[in-house]
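# Breakdown of the fold
Next come the chains, spelled out residue by residue.
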Amino acid sequence: QVQLVESGGGLVQPGGSLRLSCSVSGTIFSIYAMAWYRQAPGKQRDFVARIVSGNRTTYADSLKGRFTISRDNAQNMVYLQMNSLKPEDTAVYYCYATIQETADSGSYRPYWGQGTQLTVSS
C-alpha cells in the first residue's frame, strides 16, 4: 500500500512564502514522476509543477519564477517552495506520484495525496 501525505499548508499573507512537503511511503520500488496540483474552490484541479527522474522540472506557465519543485529521492519526498504568494494561490494543494511498487509490477501507477490547504489572505 502506498501513501502520499502532504504537509506545510496554512494561512499566509500576500507576498509571503511557504514550503509544502509530501512524503511517500509504503511498498515502493521506483518513483518516476512527482508533482503538485491545486484546486481552488469551485474550480477544476490544475497542474502546478512536476519533477521526474533526473530532476527535470516542468511548471505551469503562470507560476514560473515563483514556485520551485524539488525532490529528495533518498527520503521519497517532494517539496514545493512558493514565493510571492497571491490570494489567487489559495487552493488545496495535492501531491501526485507515479510509482512502481515492486520490480515485478511492470508499470507505474498514479497515486494522489489527500491535499493540504493553502490560504493567502491578509
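## Points about the environment of Gln-117
- Secondary-structure assignment places Gln-117 in strand β11 (residues 116-120).
- Once the C-alpha coordinates of Gln-117 and Tyr-94 are considered, the two residues, 23 residues apart in sequence, prove to be 9.0 Å apart.
- Those residues in contact with Gln-117 that sit more than four places away from it in its chain are Gly-9, Gly-10, Thr-90, Ala-91 and Val-92.

## Description of the sheet that holds strand β8 (residues 77-82)
- Strand order in the open sheet formed by four strands is β1-β3-β8-β7, and the pairing between neighbours is antiparallel. Of all strands in the sheet, those with a lone pairing partner are β1 (2-7) and β7 (67-72), marking the two edges. The mean inter-strand angle of the sheet, taken between neighbouring strand axes irrespective of direction, is 15 degrees.
- Across six bridges, the pairing between β7 and β8 is antiparallel. Each bridged residue has a counterpart across the sheet, and for Asp-72 the counterpart in β8 is Met-77.

## Focus: the side chain of Gln-100
- With respect to the element layout, Gln-100 can be found in strand β9 (residues 91-100).
- A distance of 3.2 Å separates a polar atom in the side chain of Gln-100 from the backbone oxygen of Thr-102.
- Aside from chain neighbours lying at most four places away, what touches Gln-100 is Ile-28, Phe-29, Ser-30, Ser-105, Gly-106, Ser-107 and Tyr-108.

What counts, and at which threshold
Along each chain, the written sequence defines residue order, and numbers are assigned to residues from 1. Only residues with pLDDT of at least 70 get local features here, since the model is predicted, and only at 80 or more are side-chain atom pairs given and counted; chain-wide, interface and lining totals rely on the full set of residues. Working from all heavy atoms in the structure, the side-chain values ignore hydrogens and water. The way it works is that DSSP assigns letters per residue, a run of H or I at least four long becomes a helix, a run of E at least two long becomes a strand, and they are numbered from the N terminus. Here a residue-residue contact requires only that any non-hydrogen atoms of the pair lie within 4.5 Å. When DSSP finds two or more bridges between two strands, those strands count as paired. Convention adopted: a line fitted to C-alpha atoms gives each axis, helices being fitted over their contacting stretch, and angles between N-to-C directions are expressed from 0 to 180 degrees. Within 3.5 Å is the distance limit for a polar contact, defined as a pair of N or O atoms, with the added protein rule that one can donate a hydrogen and the other accept it, and that residues adjacent in sequence qualify only through two side-chain atoms.

No statement about biological role is implied by the geometric values presented.
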